[in-house]
Amino acid sequence: MTREGFEVSYDAAGEVSIIEGEARGDVAPDAVQATALAGGCSAGASEMEKAARAAGKSDILDRYAADYPKGPHDQPQSMCPAFGSLRVGLRMKRVATVLSGSACCVYGLTFVSHFYGARRSVGYVPFNSETLVTGKLFEDIREAVHDMADPDRYDAIVVTNLCVPTASGVPLRLLPPEINGVRIVGIDVPGFGIPTHAEAKDVLAGAMLAYARTEIMAGPVQRPASGKSDRPAVALLGEMFPADPMMIGAMLGPMGLAAGPVVPTREWRELYAALDCGVVAAIHPFYTASVREFESAGRTVVGSAPVGHDGTAAWLAAIGDAYNVPAAQVAAAQNAFLPAIKGALAGSRINGTITLSGYEGSELLVARLLIESGANVPYVGTACPKTKWSAADAEWLRAKGVKVTYRASLEDDLAAMEAIRPDLAIGTTPVVQKAKEMGIPALYFTNLISARPLMGPAGAGSLQQVINAAIGGKARMDHMRDFFEGVGRGDTAGVWEGSPNLRPDFRAQHQKKIDKAARAAKAEEMI
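No experiment lies behind these values; they were computed from the predicted model shown. (Residues numbered from 1 in each chain as written. Predicted model: local features only at pLDDT ≥ 70, side-chain atom pairs only at ≥ 80, totals over all residues. Heavy atoms only, no water.)

Enquirer: In this structure, what is going on with the sheet that holds strand β10 (residues 353-358)? I would like to understand it.
Expert: Working definition: the strands of a sheet are paired by backbone hydrogen bonds and lie parallel or antiparallel to each other. Reading across the sheet, the five strands line up as β12-β11-β10-β13-β14 and stay open at both edges, with parallel pairing between neighbours. Only two strands of the sheet have a single neighbouring strand rather than two, namely β12 (403-406) and β14 (442-444). Each strand of the sheet is rotated relative to its neighbour by a mean of 10°, with strand direction disregarded. Each of β10, β11 (376-382), β12 and β13 (424-427) is contacted by helix α15 (residues 363-372), which is oriented at about 175° to β11, the strand it contacts most. (Pairing = 2+ DSSP bridges. Helix = DSSP H or I, 4+ residues; strand = E, 2+ residues; numbered from the N terminus. Axes fitted to C-alpha atoms, helices over the stretch in contact; angles between N-to-C directions. Contact = heavy atoms within 4.5 Å.)

Enquirer: What is the right way to look at the environment of I467 in this model?
Expert: Of note, I467 is situated in helix α21 (residues 464-471). The exposure class assigned to I467 is buried, which follows from its relative accessible area of 0%. Note: C-alpha distance between I467 and L443 (24 residues apart in sequence) is 8.3 Å. Not counting residues up to four positions away in its chain, the partners in contact with I467 are I350, I354, L370, L424, I426, L443 and I449. (Buried < 20%, exposed > 50% of the residue type's maximum accessible area, 1.4 Å probe, protein only.)

Enquirer: Sorry if this is basic, but what is going on with a nonpolar patch on the surface here?
Expert: On the surface, Y107, F111, F115 and Y116 cluster together into a nonpolar patch covering about 500 Å² of accessible area. By secondary structure assignment, the location of Y116 is in the loop between α5 (103-115) and β2 (123-124). Taking relative accessible area as the criterion, Y116 reaches 32% and is therefore assigned partly exposed. (Patch = residues over 30% accessible without salt bridge, like charges linked within 9 Å, V, L, I, M, F, W, Y side chains within 5 Å. Areas by Shrake-Rupley, 256 points an atom, 1.4 Å probe, with all protein chains shown as cover. Salt bridge = Lys/Arg side-chain N within 4 Å of Asp/Glu carboxyl O.)

Enquirer: What exactly am I supposed to notice about helix α3 (residues 58-67) here?
Expert: Count 3.6 residues to each turn of an α-helix, and residues three or four apart come out pointing the same way. Along α3, the residues that are buried comprise S58, L61, Y64 and D67. On its buried side, α3 packs onto α2 (45-54), β5 (182-188), α9 (197-218) and α12 (288-296).

Enquirer: Sorry, what's going on with the packing of α9 against α12 here?
Expert: When two helices pack together, their arrangement is given by the angle between the helix axes and by the axis-to-axis distance. Contact pair α9 / α12: the axes reach a minimum separation of 7 Å and the direction vectors enclose 20°. Classified by the interaxial angle, the pair formed by α9 and α12 is roughly parallel. Considering only the axes of α9 and α12, their crossing is left-handed. In contact with D202, A205, G206, L209, A210 and R213 of α9, α12 contributes T288, A289, S290, E293, F294 and S296. Counted by class, the contact of α9 with α12 contains five nonpolar, four polar and three charged residues. (Parallel < 35°, antiparallel > 145°, perpendicular 65-115°, else oblique. Left-handed = near helix turned anticlockwise from the far one by under 90°. Nonpolar A, V, L, I, M, F, W, Y, C, P; charged D, E, K, R; others polar.)

Enquirer: Where do I start with the environment of D276 in this structure?
Expert: The residue D276 is located in helix α11 (residues 270-276) in this model. Separated by 63 residues in the primary sequence, D276 and R213 place their C-alpha atoms 9.9 Å from one another. Setting aside residues no more than four positions away along its own chain, D276 makes contact with K228 and R299.

Enquirer: Quick question: what am I supposed to make of the pattern of salt bridges here?
Expert: Where charged atoms from two side chains of opposite charge come close, those side chains can pair. Following the criterion strictly, the structure yields 17 salt bridges and no others. For R53, the salt bridge goes to D62, with nearest N and O atoms at 2.9 Å. Relative accessible area serves as the criterion here: at 18%, R53 is assigned to the buried category. By relative accessible area, which is 40% here, D62 ends up partly exposed. R183 is the partner of E215 in a salt bridge, and the nearest nitrogen-oxygen pair spans 2.8 Å. Highlighted residues: E215 in helix α9 and R183 in strand β5, separated in sequence by 32 residues. Because the salt bridges share partners, they merge into one network encompassing E49, R53 and D62.

Enquirer: Any chance you could explain the environment of A210 here in plain terms?
Expert: Topologically, A210 is positioned in helix α9. Along the backbone, A210 and A297 are 87 residues apart, and their C-alpha atoms lie at a distance of 9.8 Å.

Enquirer: What is the right way to read unusual backbone geometry from this model?
Expert: Leave glycine aside and you will find that most residues have negative phi; peptide bonds, for their part, are mostly trans. Each neighbour pair has its own omega, and for V263 with P264 the value is 10°, a cis peptide bond. Secondary-structure assignment places P264 in the loop between β7 (258-263) and α11. Although it is not a glycine, N324 sits at a positive phi angle of roughly 55°.

Geometric values such as these leave the question of function open.
So, in structure tokens, the structure goes:
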């Protein structure tokens, strides 16, 4: 009696063609995983990228490089990019999130997620050197999604590769597209490939839109829980304050239009409604992958946003052109809201010079609002890239004498603040910290500025109170700076029982070593 062997498998992953990595003569066959594991994330971005390309991730990294261009420096200083995509998944109903990465990274990401109110669990597939190198990690991930795929609980499961699994080529594309009716979405979000957490939101949003578009092309899909509007709708691209979509809907009403879903969405079926909209408003201009999916579906994309008087007038006109709305209806919408916006802007003026920086993607819109409120804003820095969807905002700002810096680094933001010495600095945590050390009033952009309505009349009157209150605290900042003068900076940082033991001779000797190394590097460049 003969017995033929057989293979037990979960799905058809074994039938998928394998992507070969790039041949590299300078790397031994087993050095790819060794590079990724040499120090985990501390192996360095360049080494991690080399390992990822050698492991077959070149297509993904090339796509990210085109969608989210870096420069003039490597990338801005911000939190781990994967927080952006993780946050998008955690805010969606009936969507589970699973991370594959170093334990320290997963801990940090889950901590930040719960700090921002996630209120749900984050899945984690752990690994060690053996499971990573042998491919057992992928098998563990596949087993995990099969165990989790319960259609009564989930519409989708998002699996995210962090730096080390991406560098080692863990092939999430081999996961089945669906299990028991639960969609499986696998994405790579390495810190060496995605510059900011804002753009990582686009990675997941774009992947979900691509998946939803294939479902739509395959046949009928679920109706959105909120129903379908009887008027043509405008999808809104980019996270915003909850009141803003309602205000945008009110402004679109006189034109016979409605506000569609906000992408990233809060529910899977809202993706279908977003793709059904004829026009997409790129409120945040860096959603490159999402725009590509909308344009592939034949949708028209309009940049900027209805912010301030000039911005609202231009945006309503652009939406009207995109939908071929009669000029009389566009004028009716403008006449209904522009006087109210002008009145709100005049109601509480801002008198002072402000520098503005952040990494949320709405920095240019906030700057427009501040200027129309009376503020002098000589500098705006955003960690996000330059795209055509923010061109109108940048042009308007430059016409007002504003220096707009895309992909701004912390050094750019600090240099602008130190040179201008504004009445108020709005920026990221280290910018705010430095400003307060200098006795300059400062506000954290993410929590105190972007977490407010910006659109229409509501947005026009939302910033003056908090801005004027901060500028008015200058005397208190001066008192605090004088009180703590000489404490907590430079050689006097920390707690000392006596005077710090300064060794200027050691410092001078170390500086000589640095100068010698710099001269040697310069000499090598000349050879």
